[in-house]
Amino acid sequence: MDSNTELNDSRLANAWAELNNHAVNGNPLHADAYRLAFADPEFLLRRETRGIRFQLEMLKPDLGQTAQGIENTVVVYGSARFTAPDEAEQQLADAEASGDDSRIARARLAVRNARYYDLARQFARVVAEHSEQQQPADRIYVCTGGGPGIMEAANRGAHDVGALNVGLNIALPHEQSGNRFISPSLSYKFHYFALRKMHFMMRAKALVAFPGGFGTLDELFEVLTLVQTGKAKPVPIVLFGTDFWKKVVNFDALVEQGTISAADLSLFHYTDDPQEAWNIVKAFYKL
């Protein structure tokens, strides 16, 4: 058996999985001087080899997307906690049957927020339908953080029309996994938030931020800062959910306090309509 065939089979991957399970179960990995360096988990997981892990986490998704022609993306951020309308309605029915007032209040909030799930799905479908009509080099693909909620909705919208879509998931203590609507060959898992953020920006031609929490705010302000400071090329930044964003972030107050300039308010746009959000992107690039 030649070396290429040996590397293409599943034995090395299975060995890694077995060693990982061994460690997760409380058994430490023991150094083995005779292992090949790239097949030695104990070595690769050392503090000193963190830089190598950075490189690998940068390289794997980059090569995978390039091989599949993914060069331009619309990145969709938003809450992981919003559910699909039908799921929210079922939660409310179950809550009302239980008679638990606090549970009913949470379910009603879920029903209210479920509209954003539906709107994110509609927006992604519009992007995907446009993209599918273009030459491969001109296509724009939906990309999300790969989790549930708004991320799932956006991946689902692209999936609805059979379009490739990207999920950049993150390994978290509660074991978040990629949602079922991501194209399997474009579903990636990251350990480092920093490398994941770089991959969001490397191919992003637009950012659409739906209502969300700390993670959404973190990603939004990261992009705003990169564009404001000239570290990244200007891209359309769309805040979906005008009432939410104007209530949560008082950008005008930042201008009044002199911490940003009035011109910085032109870095982003508000909208409440999926087609209008896409029109903002189209106008920016004169599509």
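Preceding block: the structure.
Not measured: the values here are computed from a predicted model.

Draft legend 1. Region of interest: the packing of helix α4 (residues 50–67) against helix α8 (residues 193–202). Interaxial distance between α4 and α8 falls to 10 Å at its minimum, and their mutual angle equals 30°. What the angle tells us is that α4 and α8 run roughly parallel. Crossing of α4 against α8: the hand is right-handed. Two secondary-structure elements touch here, α4 through Phe54, Glu57, Met58, Pro61, Asp62 and Gln65 and α8 through Leu195, Met198, His199 and Met202. Here the residues of the contact of α4 with α8 sort into six nonpolar, two polar and two charged.

Draft legend 2. Molecular detail of the pairing of strand β1 (residues 73–77). A large share of β1 lies buried, amounting to five of its five residues. Where β1 meets strand β2 (residues 141–144), four bridges bridge the pair, whose relative direction is parallel. Bridge pairing in β2 links Val76 to Thr144. Across five bridges, β1 lies against strand β5 (residues 204–209) in parallel orientation. Bridged to Val76 within β5 is Val208.

Draft legend 3. Region of interest: the sheet that holds strand β4 (residues 187–190). Taking strand neighbours across the sheet as the criterion, the seven strands line up as β4-β3-β2-β1-β5-β6-β7 in an open arrangement whose pairing is parallel. The sheet terminates laterally at β4 and β7 (269–271), the two strands that pair on one side only. With strand direction ignored, the average angle separating the axes of adjacent strands in the sheet is 25°. When β2 meets strand β3 (residues 165–170), the two strands line up parallel, connected through three bridges. Bridge pairing in β3 places Val142 opposite Asn165. The strands touched by helix α6 (residues 101–132) within the sheet are β1, β2, β5 and β6 (237–240), with β1 carrying the most contacts at an inclination of about 180°. Lying on the sheet, helix α12 (residues 274–285) is in contact with β1, β5, β6 and β7; it crosses β6 at an angle near 170°.

What counts, and at which threshold
Residues numbered from 1 in each chain as written. Predicted model: local features only at pLDDT ≥ 70, side-chain atom pairs only at ≥ 80, totals over all residues. Heavy atoms only, no water. Axes fitted to C-alpha atoms, helices over the stretch in contact; angles between N-to-C directions. Helix = DSSP H or I, 4+ residues; strand = E, 2+ residues; numbered from the N terminus. Parallel < 35°, antiparallel > 145°, perpendicular 65-115°, else oblique. Left-handed = near helix turned anticlockwise from the far one by under 90°. Contact = heavy atoms within 4.5 Å. Nonpolar A, V, L, I, M, F, W, Y, C, P; charged D, E, K, R; others polar. Buried < 20%, exposed > 50% of the residue type's maximum accessible area, 1.4 Å probe, protein only. Pairing = 2+ DSSP bridges.

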